[in-house]
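# Inside the fold
In case you want the letters, here they are:
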Amino acid sequence: SMTASESISRDGYARAGIVLVLVAIALRVIEYFHNKAIWLDEAHLALNILQRDYAGLTQRLDFGQGAPLLFLWGERFAANLFGPSEFALRLVPMLASVVSCVLAYYFFRRSLTAQGLIIALAIFAISIPAIRYAAEVKAYATDLAIALALYLLLIPKTCIEQKTPSISRTFALALIGALGVWCAFPALFVLTGIGAVYLARAFSIRDMRGALQSGSTLAVWTISIACNYWLMLRYNAENAEVRTWWMDRFMPLPPTSISDFYWFVRTFFEVFTEPVGLAAAGLGALLFLLGTYDLWNRDRWRLALLLAPVGAALLASGMQVYPFMGRFLLFTAPLVLVTIGEGWNFFAAHTRHRAILAFAALVLFIQPVAAAIKGAIHPAPQGVRPAFGHLAENWQDGDRLYVYCWAVPSFSYYDIKDKLSFPKIAGQSLRADWRGYMDELKPLAENSRVWVVLTNTPKQLVGQEDKFFVTHLDSIGVRAGEKVFAESSVYLYDLTAAPK
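Described below are features of the structure shown in this document. Bear in mind that the values here come from a model prediction, so they are computed numbers and not experimental data. Throughout this description, residue numbers start from 1 for each chain and increase along the sequence as written. Where totals are concerned, whole chains, interfaces and linings use all residues; where local detail is concerned, this predicted model gives features only for residues with pLDDT of at least 70, and gives and counts side-chain atom pairs only at 80 or more. Derived side-chain values reflect all non-hydrogen atoms in the structure, with water molecules and hydrogen atoms excluded from consideration.

### Here we look at the overall build of the chain
Scanning the chain from N- to C-terminus turns up 21 helices and 5 strands. For each residue, the accessible area found with a 1.4 Å probe, counting protein chains only, is set against the maximum for its type, and the residue is called buried under 20%, exposed over 50%, and partly exposed in between. A buried classification covers 51% of the 500 residues belonging to the chain. We call two residues contacting when some pair of their heavy atoms lies within 4.5 Å. Counting contacts in the chain only where the partners sit at least 6 residues apart, residues at least 24 apart contribute 74% of the total. Of the roughly 23000 Å² that the chain leaves accessible, carbon and sulfur atoms contribute 65%. When charges are tallied, Lys and Arg are placed among the positive residues and Asp and Glu among the negative ones, while His and the ends of the chain are skipped. Charged side chains are reduced to one point each, which is NZ for Lys, CZ for Arg, CG for Asp and CD for Glu. Of the side chains in the chain, 43 bear a positive and 37 a negative charge, and the two mean positions are spaced by 9 Å. Helical segments are the DSSP runs of H or I of at least four residues, strand segments are the runs of E of at least two, and each set is numbered from the N terminus. Each accessible area is a Shrake-Rupley result for a 1.4 Å probe, and residues are judged covered by the shown protein chains and nothing else.

Right, here's the structure in full:
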């Protein structure tokens, strides 16, 4: 029976866990109400959602986008109900994130004890990737919520004496899993990975009834996955352009060079930074390895269940169909955190000096806590929104407009949102030969009021092109006005006047 001190300790951990859930929800709601500007990737998906009806969303999406059908329909429903605002389009991800906080608490509480529970939940609560995608028009937050629901259903606290589930539970799991793949693409990795482990375990202990039930459930899931692939996923698998974007994020299969082998080392440590959210990736990796070692010795089947979805995603990556990186792996974060929690418990049990534990906790949390606080109080990125607003206030009949390529998607979103529809030349990405930008501007010559909207985000795409545009325009006309913001700028030129 539990002693009084153990009961008090357990109650204390439970209360601390609830506080962490409330902190997690607060950070995600704050991120939502920051109302950051729609940026490039979000705009690409938002334009698909706003410009199509429910049936249209079952077709190949524009701009190389892909998202689960029920997520897209949820987004379309929110836009129909509340309009095309940023708040409406981010409502589904935000609600999914709040649900994830509650599900994570129950999953960690069932999976972990003592300090490991608090460590895992605290990391999850302040994880910058998890907070960020609570307020983006992308499916990563719903991926996480659906995955957590499936983990709660499919991963028990221990597999040592796991009984074969009843027929009714097997039937329910089959239906829930079949529905899950329409809500979140990574559900197929969760289902195939975990389903394969259950099937292997049933055969290993000669449980033919269990093998039949696991096989039948896997068959139902596979049929649903196949239908989902035919209707939605095949567009992504067939898109060679999208695959080239993530070429270095596919597992080398088989590895044939030193750089191929280095891919595994680099990717392993990157997982602890994103999606998990730890700056001290080395310490996170150490705790993960300790947890893996401890689980290997105590309950190998449970370890297999925790690692199977990650392995399934890795295999898909090796087949060149799923990038193994960052946001695409957000659904795996709870599995990694459970293993880290187990590693922390193992570390604490074998560490005599509390000062060492305190120092490890400090290293683990100092940067994520600082980043979470900064994110909560820092002004939201404004992107192209203020440049659009300045243009809307100063536009006159007869004005002409050029929008730089990487500003086009976000600008087009605000066109739809504010119902303004500026007539514009939408720039193309011509960085292979910048003279192409000069050609795009030629139709605007001999106009006395030409607006040019530029952006310096996203950083990885924009180099010195904004300076190139301004220098060229100054050489062919007279600058009549400008407004420079943190992440965008808008210029007014008279191209009928000779430059000074």
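Next comes the rest of the write-up.
### A closer look at empty space enclosed by the protein
Both site types are read off a 1 Å grid over the protein atoms alone. A 1.4 Å probe that fits but cannot get out defines a cavity, while an open set with protein on both sides within 12 Å along at least five of seven lines defines a pocket; lining residues have an atom within 4 Å of a point. Grid points are joined across faces, edges and corners, and a volume is the space filled by probe spheres set on the points. Summed over the entire model, instances satisfying the criterion amount to 3 cavities of 30 Å³ or more. Its volume calculated, the largest cavity comes out at about 50 Å³. Taken together, Gln59, Arg60, Leu61, Gln65, Gly66, Ala67, Phe185, Met232, Tyr235 and Asn236 form the lining of the largest cavity. Broken down by class, the residue content of the lining of the largest cavity amounts to 5 nonpolar, 4 polar and 1 charged. Put simply, the second largest cavity is a space of about 40 Å³. Around the second largest cavity, the lining residues are Arg28, Ser97, Ser100, Ala130, Ala141, Leu144 and Leu330. Where the lining of the second largest cavity is concerned, the elements lending two or more residues are α5 (91–111) and α8 (140–154). Of the residues assigned to the lining of the second largest cavity, the class counts are 4 nonpolar, 2 polar and 1 charged. The classification used treats Ala, Val, Leu, Ile, Met, Phe, Trp, Tyr, Cys and Pro as nonpolar, Asp, Glu, Lys and Arg as charged, and all other residues, Gly among them, as polar.

### Considerations on the packing of aromatic side chains
Between 30 and 60 degrees the pair is tilted, below 30 it is stacked and above 60 it is edge-to-face, where a pair is any two Phe, Tyr or Trp rings, Trp via its six-membered ring, whose centres lie within 6.5 Å. This model, assessed by the stated rule, comprises 35 aromatic pairs. Each ring, one from Tyr404 and one from Phe469, has its centre 5.7 Å from the other, and the planes form 70°; the classification is edge-to-face. Taken together, the positions of Tyr404 in the loop between β1 (400–403) and α19 (408–418) and Phe469 in helix α21 (residues 465–476) put the pair 65 residues apart, joining distant regions of the chain. Across this residue pair, the class does not change: Tyr404 and Phe469 are buried. Taken together through their ring pairs, the aromatic side chains of Tyr133, Tyr140, Phe189, Tyr322, Phe328 and Phe331 make up a single cluster.

### Describing the pairing of strand β5 (residues 488–494)
Strand residues, when the strand is regular, have side chains that alternate between the two faces of the sheet. The buried count for β5 comes to 6 of 7 residues, which makes it a mostly enclosed element. Each pair of strands is called paired provided DSSP finds at least two bridges between the two strands. Note that strand β3 (residues 450–455) and β5 share 6 bridges and pair antiparallel. Residue pairing in the sheet places Val453 in a bridge with Val490 of β5. Adjacent in sequence and paired antiparallel, strand β4 (residues 478–484) and β5 are bridged by 3 residues.

### Considerations on the pattern of salt bridges
Any Lys or Arg side-chain nitrogen located within 4 Å of an Asp or Glu carboxyl oxygen qualifies as a salt bridge. According to the stated counting rule, one finds 19 salt bridges in the structure shown. Residues Arg327 and Asp41 are paired through a salt bridge, measuring 3.7 Å at the closest nitrogen-oxygen approach. Residue Arg327 is found in the loop between α15 (300–318) and α16 (333–349), and its partner Asp41 is found in helix α2 (residues 40–50); the two are separated by 286 residues along the sequence. Side by side, Arg327 and Asp41 carry an identical accessibility label, which is buried. In this structure, Arg449 engages Asp399 in a salt bridge whose closest nitrogen and oxygen atoms are separated by 2.7 Å. In this pair, Arg449 is assigned in the loop between α20 (435–441) and β3 and Asp399 in the loop between α18 (385–394) and β1, connecting sequence segments 50 residues apart. Several salt bridges converge on common partners, so that one network encompasses Asp294, Arg298, Arg302 and Glu342.

In short, the description is geometric, and any link to function would need to be established separately.
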